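# Examining the three-dimensional arrangement
Chain by chain, the residues run as shown.
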Amino acid sequence: MPRYRPHVAARPSWRCRACGAPWPCSPARLALLGEYREDRIALLVHLGTLLCEATTDLTDPHGRDAPQRLADRFVTWARPR
């Protein structure tokens, strides 16, 4: 029986260790939504902290990796609808 591999970020690339997609991948997003289902604000604070860390790792020295793109990837998807 295959073991479950959690969808966590490999730093500094911020790719998923399980599937290789840019993190947070779809399974990671679902897991985070489930984990923080009772506290969306805490989820957004957590994701904002990770966004700050990822910005350091992923921003091009010439500023070409737009911060808005990273914000969409890390935080925007988790806002309440």
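Structure first, text after, so check above.
Heads up: these notes are all about the structure in this document. (Residues numbered from 1 in each chain as written. Predicted model: local features only at pLDDT ≥ 70, side-chain atom pairs only at ≥ 80, totals over all residues. Heavy atoms only, no water.)

### Some remarks on the overall build of the chain
Where we set the bar: Under the DSSP-based scheme used, a helix requires at least four consecutive residues in state H or I and a strand at least two consecutive residues in state E, with every element numbered from the N terminus. Each residue's exposure class comes from its accessible area (1.4 Å probe, protein chains only) as a fraction of the maximum for that residue type: buried when under 20%, exposed when over 50%, partly exposed otherwise. Any two residues whose heavy atoms approach within 4.5 Å are treated as being in contact. Each accessible area is a Shrake-Rupley estimate made with a 1.4 Å probe; only the visible protein chains count as cover when residues are assessed.
Each helix and strand in the chain was counted, giving three helices and two strands. Starting at the N terminus, the α and β elements of the chain follow one another as β-β-α-α-α. The buried share of the chain, reckoned over its 81 residues, is 31%. Of all intrachain contacts in the chain linking residues separated by at least 6 positions in sequence, the fraction that spans at least 24 positions is 46%. For the chain, the accessible surface area stands at approximately 5700 Å², while carbon and sulfur atoms represent 56% of it.

### Observations regarding the packing of aromatic side chains
What counts here: Side-chain rings of Phe, Tyr and Trp (the six-membered ring for Trp) are treated as a pair once their centres are within 6.5 Å; stacked means planes under 30 degrees apart, edge-to-face means over 60, and tilted covers the remaining angles.
Scanning the entire structure with this criterion turns up three aromatic pairs. Look at Trp14 and Trp23: their rings are 6.2 Å apart centre to centre, the planes differ by 50°, and that puts the pair in the tilted class. As far as the burial class goes, Trp14 and Trp23 line up, both buried. Look at Trp14 and Phe74: their rings are 5.4 Å apart centre to centre, the planes differ by 80°, and that puts the pair in the edge-to-face class. Here the residue Trp14 occupies a position in the loop between strand E1 (9–10) and strand E2 (15–16), and Phe74 occupies one in helix H3 (residues 67–74), the gap between them amounting to 60 residues. In terms of burial, Trp14 and Phe74 fall into one category: buried. Linked through ring pairs, Trp14, Trp23 and Phe74 together constitute an aromatic cluster.

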